[in-house]
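An overview of the molecular structure
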Amino acid sequence: MDHYAAQKLSQGFTQLPQKPPLATSHVPPELVNSSQQHNISQNFIPPNDSLLKPTSQPTYNYTFPPTNQVGSYGVGITAKPSGPSISSPVNRVSQEEPISSGPPRTNVLGIIPYSTEPANIISQSSLGTRTVPSQPPNALQPPRQPSVQYGSYPYGDQTHLQNRTMAVSRPSPPSPNIQPQYVQPTASLRNQQYSNQYGHRPPDNFSQPQLNHLYSSPQYPQDNLSGPTQYSGGYYSGLSEDVMNQMSNLSVTQSGYNRLWGKDTYDLLKCRDILPSGRVEPPAIRLQQELYEANNCSSEIFRCTLTKIPETKSLLDKSRLPLGVLIHPFKDLNQLSVIQCSVIVRCRACRTYINPFVYFIDTKHWKCNLCFRVNDLPGEFEYDPLTKTYGDPSRRPEIKSATIEFIAPSEYMVRPPQPAAYVFVIDISRLGAEAGYLKIFCETLLSQLDALPGDSRTAVAFITFDSSVHFYSLADIQSQPHQMVVVDIDDMFVPCPDNLLVNLSECLSLVRDLLKELPNKYSESFETGSALGPALQAAYKLLAATGGRITVFQSCLPNCGSGSLPAREDPSQRTADNVTQAMLNPVTDFYKKLALDCSGQQIAVDLFILNSQFVDLASLCGVSRFSGGCIYHFPLFSIKNSQHIDALQRTLQRYLCRKIGFESVMRLRCTRGLSIHTFHGNFFVRSTDLLSLPNVNPDAGFGMQVSIDENLNDIQNVCFQAALLYTSSKGERRIRVHTLCLPIASNLSDVLHSADQQCIIGLLAKMAVDRCHQSSLSDAREAFVNVVSDMLSAYRLTQSSNPSSSLLAPESLRLLPLYILALLKHVAFRIGQSTRLDDRVYAMCQMKTLPLQQLMQSIYPDLYPVHNILDYPELSLGDETVVQPPRLHLSAERIDSQGVYLLDDGETLMIYVGHNITPALASALFNVPSFASINPNIVSYEILYYVK
Amino acid sequence: MPFNFPALSYIIALFGDAILIFFAIFHVIAFDELKTDYKNPIDQCNSLNPLVLPEYIVHMVINLLFLMSGQWLSLCLNVPLIAYHINRYRTRPVMSRPGLYDPTSIMNADVLSMCQREGWIKLAFYLLSFFYYLYG
Ligand SMILES: [Zn+2]
């Protein structure tokens, strides 16, 4: 299948991705994906308990078969143009093309037919990475239309489709005992299919009579617990297709509808099955204007802990829930509208970018939705390049999509865009040589040299260090790399600075020679010193003029020169009940200061920690935390362990090839009356709403706590807008803007029922890490427990009658206690079990920076039964079928000693084999006669294949 | 001499307090600038940090004079602030240079408002004690 063609069709404003376009090809906006999804849905076989469910289940995927990944453009649209594609007057659906989530990791069961990984795959978020086609250079813009121009690029680096959510994450209907009371919504089902097919709302006669009533009323009915059944039809027909798409991700069952309504109450003492068997979906954001709803930001990019913002601070306090947003701003996207125009329309007062939620007063004026100022609309904004006519400004992509990217004109640059520059700083002391990672690193980099993001100006440099610092001169006049050793590490200087940071394309052969030579040269070492501080200073000096990225490989405690650290971990204290804040905080501010210097020169420092002993990550991590870098940790890394090698290779592949943004800043604006309170993530806060991110990468997530300063009762919606200004690896200045719009709630019940439990957990985890740093671990643990009891007592207030023997929780927060329990057992916050300090600190760093979906998976991993996998329904994905086992509660009662289970925490896949498994199962799965003869080390992917 | 020394200490305290008032005003202005985004937190911390210890020392010297001259009431009024200063400096973030303010945490809304409040309260305290010393 020609992915390229399919993709082209799917875009509203299409531009040829790689070939230089001869003319702007404005293909009519055909809606291919909806029909495709429809096909999938018909192949879907529902689970066995079909009594509860409608006979046909349109379960739409938003991820796609792994086969598509291989294509040069892994765009998530597999539809053939010849399919029953329905042309629609609106091209909205293509703009709302589902967006792949997070870094690619292979689906648990998705790997069955394709992958060649060992079964206990260890991977730091890098499974299934494909080489990335280069993004089309700016020069390929079509000739300018009257000063306005659009291009909906397939974003080059965004081909990483995630196939993980595919099979296992499809929710299947909840077990009967939870929701016995619901009836089947035939009318709404029809409506939904209709909307998905046609990409716009169904005519009103499809809906039930309440529709008009519902939508004319300013607020949804509240306090009405019978709401789900009563309103589901009207609610559904009133939904626009964005939410429809979201909903279709849930199995379309009656109970699914009611869950989305979100007014159920769960008695936690009586309900044992509260975990949905598929993905836990974020609550839908229900706005009063359907158009807004359709255009709202994807929940994978932007999420708020409360999908309805309390109108006053006192109401927020009453709910006892934290208010904040989690954002994954630089996420790999399948589809992104890129706009190049001479004027970027922004509010003159608050500098907000124009977005779908602004109010057009007339064709010449718009009202800012953040500060409510009335602004002039430039005449060219009315120009629609699709029809080449002037008219309604709402046809512009800025108005149609809450996630958009601008190619910035020159006033957004303080200096010419920097080239991609990478410095690799490698520890070659004795412990590093023993770990043997140098070989893996050099091999991986050698194979990925061509894939490094950058253009013809890309520069690289290499520094190795033990107790001295070694530089490699790679001038193109030389025939081979030339090593220089600086022994005087107290007064660090850079010898012959011209030939150290060299142009990659000009010196490619020398770089290759060096990478081949290095592993042999340092396969053994007896030098125990590690001068990390001086090496970092040297790297800083190399990059200070341009900015760029420093990648550090460290395997032992730095003990030479500035920045050396004492060995302060007491192994006997690993199981202690409390970890004092002093242990979690740095002993020196050397690394923090260095990070601030780096941040000022647009340099980010990324850490790869491959340690066998204590390295004091608590002190080291500052260098990445404040420079916008990232941290990877491979505890007890050894070259002898093939799983370690595999994990490092995959992580490196993803790390080296993923998209990168240089010299970037992110600003978060919010509607007047709200303000940003605290930021979480890796960055330096330059002013109250501006984050300085020397580098931004697609795997970084951020959190912000928000406080309510003024009453919001005179407005209908509040908005958050995150704008990320960065330099692409091709030297283009770009601005990516995400806007999230949320309604206002005026009573407590509404606030609690609209809560987003996963987002709350994500924010709480970040706040708890701060608490650990400021006071102590036991304080943080106590705070977790208080959150749950506060939430439950707040909910009790909204209930008129509550039998004393019950523990009621709203549907939207029913998993909160479970997640809190999981957090208390997480490496970051657990006590009692032996936990190395570095592991704990790393887990805390992850809490701060992981995007929400991965964070949730690491907090509450997915557990699936594998032994009876053939009993579960299959999901057809193109030519392949994938089974869909349900997710299990992480509880011993769900584990049978005769069973085999698969646990996926996002980084590792673990297979748990019950000790009583039958010989038949053992031989089928592991090719061994009995449990005793299973070799835990050579379990390969084939066992899964056998299951299949 | 026993009569003159307290008077002298009050005169010195008056001058010292004038200096402290200036410090407090500078402090308030600096944090206001931070809040309204005029200044880079790194620069602002670099200009604030060197002033922290001088302020504490001036305040201590005044109280040392009170102690030596036996002005117990004036001393008692100042003891809580001394204790606060000692505690504040003891719990400062890990830093290699003297000072209190860390550019990475200062932009946190809690820290910022706390520092702002601290500035205003100190300013009021120093002003009140200025008049107290003047008429004391
Ligand atoms: Zn505005």
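In every chain, residue numbers begin from 1 and rise along the written sequence. Chains and ligands are labelled sequentially in the order written, the chains with letters from A and the ligands with numbers from 1. With the structure being a predicted model, the display of local features is reserved for residues of pLDDT at least 70 and the display and counting of side-chain atom pairs for 80 or more, all residues being used for whole-chain, interface and lining totals. The side-chain quantities take in all heavy atoms of the structure and omit both hydrogens and water.

A word on the packing of aromatic side chains. By convention here, two paired aromatic rings are described through the distance between centres and the angle between planes. Residues and elements named next belong to chain A. Side-chain rings of Phe, Tyr and Trp, where Trp is taken by its six-membered ring, are said to pair if the distance between their centres is within 6.5 Å; with planes under 30 degrees apart they count as stacked, over 60 as edge-to-face, and otherwise as tilted. Summed over all chains, the structure comprises 26 aromatic pairs over all chains. Summarising the aromatic geometry, the rings of Phe679 and Phe683 are spaced 6.1 Å apart at their centres and angled 80° between planes, so their arrangement reads as edge-to-face. Considered together, Phe679 and Phe683 belong to a single accessibility category, that of buried residues. An aromatic cluster of three or more residues is present, and its members are Phe424, Tyr437, Phe441, Phe462, Phe553, Phe608, Tyr632 and Tyr655. Here, a charge over a ring is recorded when the distance from Lys NZ or Arg CZ to the ring centre is within 6 Å and its angle to the ring normal is within 35 degrees. Over the ring of Tyr353 we find Arg346; its NZ or CZ atom is 4.1 Å from the centre of that ring. Sitting over the ring of Tyr266, Arg814 keeps its end group 5.1 Å from the ring centre. Working definition: with a 1.4 Å probe on protein chains only, accessible area under 20% of the residue-type maximum means buried, over 50% means exposed, and in between means partly exposed.

On to the environment of Ser129 of chain B. Residue and element names in this part refer to chain B. Structurally, Ser129 can be placed in helix α4 (residues 109-135). As for Ser129 and Ser105, which are separated by 24 residues in sequence, their C-alpha atoms are 32 Å apart. Here a polar contact is taken to be a pair of N or O atoms separated by no more than 3.5 Å, where protein atoms must pair a possible hydrogen donor with a possible acceptor and residues adjacent in sequence count only if both atoms sit in side chains. A distance of 3.1 Å separates a polar side-chain atom of Ser129 from the backbone oxygen of Tyr126. Here a helix means four or more residues in a row that DSSP labels H or I, a strand means two or more in a row labelled E, and each is numbered from the N terminus.

Note that His27 of chain B resides in helix α1 (residues 4-35). Residue classification places His27 of chain B among the buried residues on the basis of a relative accessible area of 10%.

Residue and element names in this part refer to chain A. Sites may look incomplete because water is not among the atoms; the donors themselves are N, O and S atoms within 2.8 Å of the metal, or within 3.2 Å for Na, K and Ca. In the first shell of the zinc ion, the protein supplies Cys347 (SG), Cys350 (SG), Cys368 (SG) and Cys371 (SG), at 2.2 to 2.3 Å from the metal. Every geometry call rests on angle ranges, with four donors termed tetrahedral when all angles are between 85 and 135 degrees, four termed square planar and six termed octahedral when opposite donors are over 155 degrees apart and all others are between 65 and 115, and everything else termed irregular. Considering all 4 donor atoms around the zinc ion, angles at the metal cover 104 to 115° and the coordination shape is tetrahedral. Ordering the donors of the zinc ion by residue number gives the pattern C-x2-C-x17-C-x2-C.

Taken residue by residue, the interface counts 19 residues in chain B and 17 residues in chain A. Roughly 1400 Å² is buried in total at the junction of chain B and chain A, and carbon and sulfur atoms are behind 56% of that figure. Here's the idea: put two parts together, see how much 1.4 Å probe accessible area each one loses, and the total over both is what we call buried area. For the chain B face of the interface with chain A, the top three residues by lost area are Val94, Thr104 and Met107 of chain B, together amounting to 36%. Within this document, salt bridges are pairs made up of a side-chain nitrogen of Lys or Arg and a carboxyl oxygen of Asp or Glu, the two lying within 4 Å of each other. Seen at the junction of chain B and chain A, the total is 1 salt bridge. The residue Lys592 of chain A makes a salt bridge to Asp102 of chain B at a minimum N-O spacing of 2.5 Å. Remark: the boundary between chain B and chain A carries 5 residue pairs in polar contact (both at pLDDT 80 or more). Contacts were defined at the residue level, with two residues in contact if any of their heavy atoms lie within 4.5 Å.

Residue and element names in this part refer to chain A. For our purposes a nonpolar core is just a set of buried Ala, Val, Leu, Ile, Met, Phe, Trp, Tyr and Cys residues, chained together by side-chain atoms within 4.5 Å. Formed by 177 residues in total, the largest nonpolar core has its most connected members in Phe302, Ile309, Ile463, Ile550, Met704, Phe720 and Phe829. Boundary definitions for the domains trace back to an automatic or database domain assignment. Counting contributing residues, this core receives three or more from each of domain 1 (294-414 + 662-755) and domain 2 (421-659). Excluding residues within four positions of it along the chain, Ile463 makes contact with Val423, Phe424, Val425, Ile426, Val469, His470, Phe471, Ala535, Ala538, Ala539 and Leu542. Core analysis: the next-biggest nonpolar cluster, separate from the first, contains 43 residues, Leu504, Leu518, Phe608 and Cys657 among them.

Turning our attention to the domain arrangement of chain A. Residues and elements named next belong to chain A. Domain assignment breaks chain A into domain 1 (294-414 + 662-755) and domain 2 (421-659). The C-alpha-based centres of domain 1 and domain 2 are spaced at 36 Å. In this assembly, 21 residues from domain 1 lie in contact with 24 residues from domain 2. Counting each side, the surface lost to burial between domain 1 and domain 2 is near 1700 Å², with a carbon and sulfur contribution of 46%. Looking at the side of domain 1 facing domain 2, the largest losses of area belong to Asn682, Pro694 and Asn695, adding up to 31% of the total buried there. The tally of links from domain 1 across to domain 2 stands at 3 salt bridges.

Among all residues except glycine, the phi angle is most often negative; among peptide bonds, the trans geometry is most common. Residue and element names in this part refer to chain A. Positive phi, close to 65°, is recorded for Phe372, a residue that is not glycine. For Phe372, the location among the structural elements is in the loop between β10 (365-367) and β11 (374-376). Of note, the phi angle at Leu636 is positive, near 55°, even though the residue is not glycine. Residue placement: Leu636 occurs in the loop between β22 (631-633) and α22 (642-657).

A few words now on the pattern of salt bridges. All names here are of chain A. Within the structure shown, the criterion is met by 33 salt bridges over all chains. Between Asp332 and Arg654 there is a salt bridge; the shortest N-O distance is 3.0 Å. With a gap of 322 residues between them, Asp332 in the loop between β7 (324-327) and β8 (337-341) and Arg654 in helix α22 connect regions that are remote in the sequence. Relative accessible area serves as the criterion here: at 1%, Asp332 is assigned to the buried category. Arg512 is the partner of Asp450 in a salt bridge, and the nearest nitrogen-oxygen pair spans 3.6 Å.

All right, on to the UniProt feature "domain: Gelsolin-like" (unreviewed entry) in chain A then. UniProt positions are given in the numbering used here, feature names are shortened, and annotations may be inferred rather than shown by experiment. UniProt records the feature "domain: Gelsolin-like" (unreviewed entry) at residues 882-935 of chain A, using the numbering of this structure. From the first C-alpha to the last, residues 882-935 of chain A spans 27 Å; its make-up is 15% helix and 22% strand.

Okay, the UniProt feature "transmembrane region" (unreviewed entry) in chain B next. On the UniProt side, "transmembrane region" (unreviewed entry) is annotated at positions that read residues 7-31 and 56-83 of chain B here. Split by type, residues 7-31 of chain B is 100% helix and 0% strand. Its first and last C-alpha atoms lie 36 Å apart.

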